[in-house]
Amino acid sequence: MNNKPLGIGIIGCGEVANAHVNEYNELRDQCVLRAVADVNRESAFEFVRHHPSDIEVYTDMNLLLQRDDIDIVSICTPPYLHKNHVLKAISQGKHVLCEKPFVPTLADCDEVLRATENTNLKIGVAMQLRYNPDFRKIKQLIQDDFLGHIYFAEMRGLYWRGNSYFKKAWRGTWEKGCGGVLMNQGIHILDLFLEILGPVKSVYADMETVKHKTEVEDHIRATIWFANGTRGELLCSLNVADPEVSMCFSGHDKTLRFPFKVNEVHESFNGFPLLGDPNKIEAIKKLDNLQSDKVNEHDELIKDFVRAIQEDREPSIGGLEARNSLEVITAIYKSAFDKEIVKLPIRDNDPWYSRKGLITNHKTIS
Ligand SMILES: NC(=O)c1ccc[n+]([C@@H]2O[C@H](COP(=O)([O-])OP(=O)(O)OC[C@H]3O[C@@H](n4cnc5c(N)ncnc54)[C@H](O)[C@@H]3O)[C@@H](O)[C@H]2O)c1
């Protein structure tokens, strides 16, 4: 393990960059933030004013990338720029921690993955819910076959955003935001849902722009048929004033929910459910103790990424893992536009593998 402090650069000094700098500062014995870059000079200077340290400010990210004393670059720019920014950083020999959504298309993702082949560079993607302790516990229980076959699975990403959220020009657009509530918010919980349930066979979806004056969807639902036989349901909306980010997995007689909750029933003589053995349920519920270990997930993400470089291993979520949710999102958008069941995988001759499918279809959403 190499203990030399890692030099850090941040590209894009908007809202999310604060989460990155805070954790790099926490890890100050292992990381030194040396420079930031933003095309908007004012944003960059405002950003460093809030994070006192000896930080160089650039408006041209290439100057930051040319520095030999920067090992890790956090990409915190709008989604449509990620591919080019990640490729530039890799070409300068930098490890990259990229904000979600990683890249807009499968073609972009495969291009980035090819560019990192035969290098020792690490790519991390900011899907920080992976570090949520409730998720880890549920994943472990399901791997241990606690539920048996999962018949029913559901995920909800219900959020609320006001109109001024969309004042940033990239948000609410297909071209720059690369999608709506599914691509930008629901992606986090979808990533966990897929990590638990495994490969997807096919999807059927519909979507609408119900409330906001955006070209992208603010409401979307999908049925997801998993290869293991589970029937999954997805619902995401930006129009719910009581937000909820949740999942439910149900086997024959037990249910696990995220945030962590467990239940068990028995069948009564006439087929109705009776509450299971209270002692057993109590024992299972003790697993709730885990909820006391709340963590800041973005901090855990950055710690894991730094450790992955120090230990020369892959971070918990990199480009390959991000490709899974991107492929399912691509299939869901394709299904919602074409109004038909879409089978996976999305092959490289499918118009939706690149932007072609979206470009020919996206005007038809409303
Ligand atoms: N992981 C999470 O939970 C989470 C939360 C919020 C945002 N995000 C993601 O982070 C990314 C940024 O979101 P944000 O809300 O911080 O956006 P933002 O608009 O607040 O910030 C983006 C910054 O990038 C700068 N920028 C634009 N083009 C640039 C270029 N060519 N070179 C350098 N800088 C450039 C802008 O001037 C702006 O300061 C998005 O992909 C978003 O989806 C992730």
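Described in the following lines is the structure provided in the data block. (Residues numbered from 1 in each chain as written. Predicted model: local features only at pLDDT ≥ 70, side-chain atom pairs only at ≥ 80, totals over all residues. Heavy atoms only, no water.)

Description of the overall build of the protein
Put simply, the rule is: Secondary structure elements are defined from DSSP: runs of H or I of at least 4 residues count as helices, runs of E of at least 2 residues count as strands, and each element is numbered from the N terminus. For this measure, only C-alpha atoms enter the radius of gyration; the expected value for a globule follows 2.2 Å times N^0.38, where N is the number of residues. Only protein chains enter the calculation, and the probe is 1.4 Å; a residue is then buried if its accessible area is under 20% of its type maximum, exposed if over 50%, and partly exposed in between. By definition in these notes, contact holds between two residues if any of their heavy atoms fall within 4.5 Å.
Counting its secondary structure elements, the protein contains 11 helices and 15 strands. Since a compact globule built from 366 residues should have a radius of gyration of about 21 Å, the 22 Å found for the protein is in line with a globular shape. By its C-alpha atoms, the protein is 75 × 50 × 40 Å across when sized along the principal axes. Scored against the burial criterion, the 366 residues of the protein give a buried share of 54%. Of the contacts formed within the protein by residues at least 6 apart in sequence, a portion of 70% connects residues at least 24 apart.

Concerning the sheet that holds strand β12 (residues 254-258)
We count it as follows: For two strands to be treated as a pair, DSSP must find no fewer than two bridges joining them. Axis definition: a line fitted to C-alpha atoms, over the contacting stretch in the case of helices. Angles run 0 to 180 degrees between N-to-C directions.
Across the sheet, nine strands lie side by side as β14-β13-β12-β11-β7-β10-β9-β8-β15; this open sheet has mixed pairing. Each edge of the sheet is formed by a strand with only one pairing partner; in this case those strands are β14 (273-275) and β15 (342-343). Direction of pairing for strand β13 (residues 261-267) relative to β14: antiparallel, over a ladder of three bridges. Paired with V265 across the strands is L275, a residue of β14. Lying on the sheet, helix α6 (residues 133-143) is in contact with β11 (239-250) and β12; it crosses β12 at an angle near 155 degrees. Set on the sheet, helix α7 (residues 181-197) makes contact with β7 (152-160), β8 (200-208), β9 (219-226), β10 (231-237), β11 and β12; between it and β7 the angle comes to about 155 degrees.

Structural notes on the packing of helix α4 (residues 82-91) against helix α5 (residues 106-116)
What counts, and what does not: Should an angle fall under 35 degrees it is taken as roughly parallel, and over 145 as roughly antiparallel, whereas 65 to 115 is taken as roughly perpendicular and any remaining angle as oblique.
At a minimum axis distance of 10 Å, the contact between α4 and α5 shows a crossing angle of 5 degrees. The orientation of α4 relative to α5 falls into the category roughly parallel. The residues of α5 that touch α4, namely those facing K83, V86, L87 and I90, are D108, E111, V112, A115 and T116.

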